[in-house]
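Survey of secondary and tertiary structure
As a plain string of letters, each chain reads:
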Amino acid sequence: MSQVIGNTSIGKTLIEIFVNPKQAVEAIKLNFSWSWLALALQLITFAGILFWFYQGLTPQWIVEQQLLHSPELTPAEIEQSKAVLGQMASAMPMVAPLLGAITLVIVMALNAFYLHIYGKMAGNNQGYGRWFSLTVWSQMPLLPNMLGFALLILASNTADMPLSTINYASLNQLIFGQVIGDQYYTLLESISLFTFWQIGLMAVGLQQWTAQSFGKSLAIAAAPYALVYGIWALVA
């Protein structure tokens, strides 16, 4: 049963974060402990669907897909890589979800630390845990992202799908169409429509919690992404 506090509940907030984020953010501000449920829901959904995806792939296919990202290898190096990757391929259904989940938590923790530092500089002395809570909820678009991925798995007529299928909503696959080896392929594959949704939710949260303008909140929320992707673009 959903825990009810005041006129809202965890279940209602899980819906409102998508359809009425301002209302959701106000509820989150009063119920920081709910972030643990939101975090668990994200990690379980992410890891579960990723496990389902990888366990359906044959080890040979996984190796072939991984080698596509190393077109510069010589025939001898390819054979050596096949031997190494082949030993690891059978473990991918466990390794990929685990590493992916750990990465998600680390990214959330770093983002929360950034907001914590910004808050102190701006005179908003909320604790790190509160910023972590907001960061977790701003990442909730991960759920529709992974559910869309699950629909693609269900709709596929073969289990051996390209590993890039998980990035189905990336700017590259939707707009630019770069191929492996192109200068900005990896960068554009990593930027998704859901990335912008997450930034938007963070901006709404910052606006509600700090009483600053939405434009300023959006700039603060987007700054880490702009920095990372900007440097990535320069060195690509």
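These remarks concern the structure in this document. (Residues numbered from 1 in each chain as written. Predicted model: local features only at pLDDT ≥ 70, side-chain atom pairs only at ≥ 80, totals over all residues. Heavy atoms only, no water.)

Regarding the packing of aromatic side chains
Aromatic ring pairs are defined here through the distance separating the ring centres and the angle between the ring planes. As enumerated under the stated definition, the model contains ten aromatic pairs in all. Seen in terms of ring centroids, Phe53 and Tyr54 are 5.3 Å apart; in terms of plane orientation they differ by 75°. Their pairing is edge-to-face. Take Phe53: its relative accessible area is 3%, and that puts it in the buried class. Each residue in the set Phe18, Tyr168, Phe194 and Trp197 is aromatic and connected to the rest through ring pairs, giving one cluster. (Phe/Tyr/Trp six-rings, centres within 6.5 Å; stacked < 30°, edge-to-face > 60°. Buried < 20%, exposed > 50% of the residue type's maximum accessible area, 1.4 Å probe, protein only.)

Quick notes on a nonpolar patch on the surface
Together, Phe51, Met94, Val95, Leu98, Leu99, Ile102, Ile106 and Leu110 give the surface a local cluster of nonpolar side chains, amounting to about 770 Å² of exposed area. Phe51 sits in the partly exposed class, given a relative accessible area of 37%. (Patch = residues over 30% accessible without salt bridge, like charges linked within 9 Å, V, L, I, M, F, W, Y side chains within 5 Å. Areas by Shrake-Rupley, 256 points an atom, 1.4 Å probe, with all protein chains shown as cover. Salt bridge = Lys/Arg side-chain N within 4 Å of Asp/Glu carboxyl O.)

Describing the nonpolar core
Counting residues in each nonpolar core, the largest one holds 36 residues, and the members touching the most others are Ile17, Trp131, Trp137, Met140, Leu206 and Trp209. Contributing elements (two or more residues each) for this core: α1 (10-19), α2 (21-30), α3 (34-55), α6 (92-121), α7 (128-138), α11 (193-210) and α12 (214-235). Element by element, the count of residues in this core is highest for α11, at seven residues. With residues near it in sequence (within four places) discarded, Leu206 still touches Leu115, Trp131, Leu134, Ala211, Gln212, Ser217, Ile220 and Ala221. In this structure, Leu50, Tyr54, Leu85 and Ala96 belong to the second largest nonpolar core, which totals 23 residues. (Core = buried A, V, L, I, M, F, W, Y, C linked by side-chain atoms within 4.5 Å. Helix = DSSP H or I, 4+ residues; strand = E, 2+ residues; numbered from the N terminus. Contact = heavy atoms within 4.5 Å.)

In short, geometric facts, not functional conclusions.
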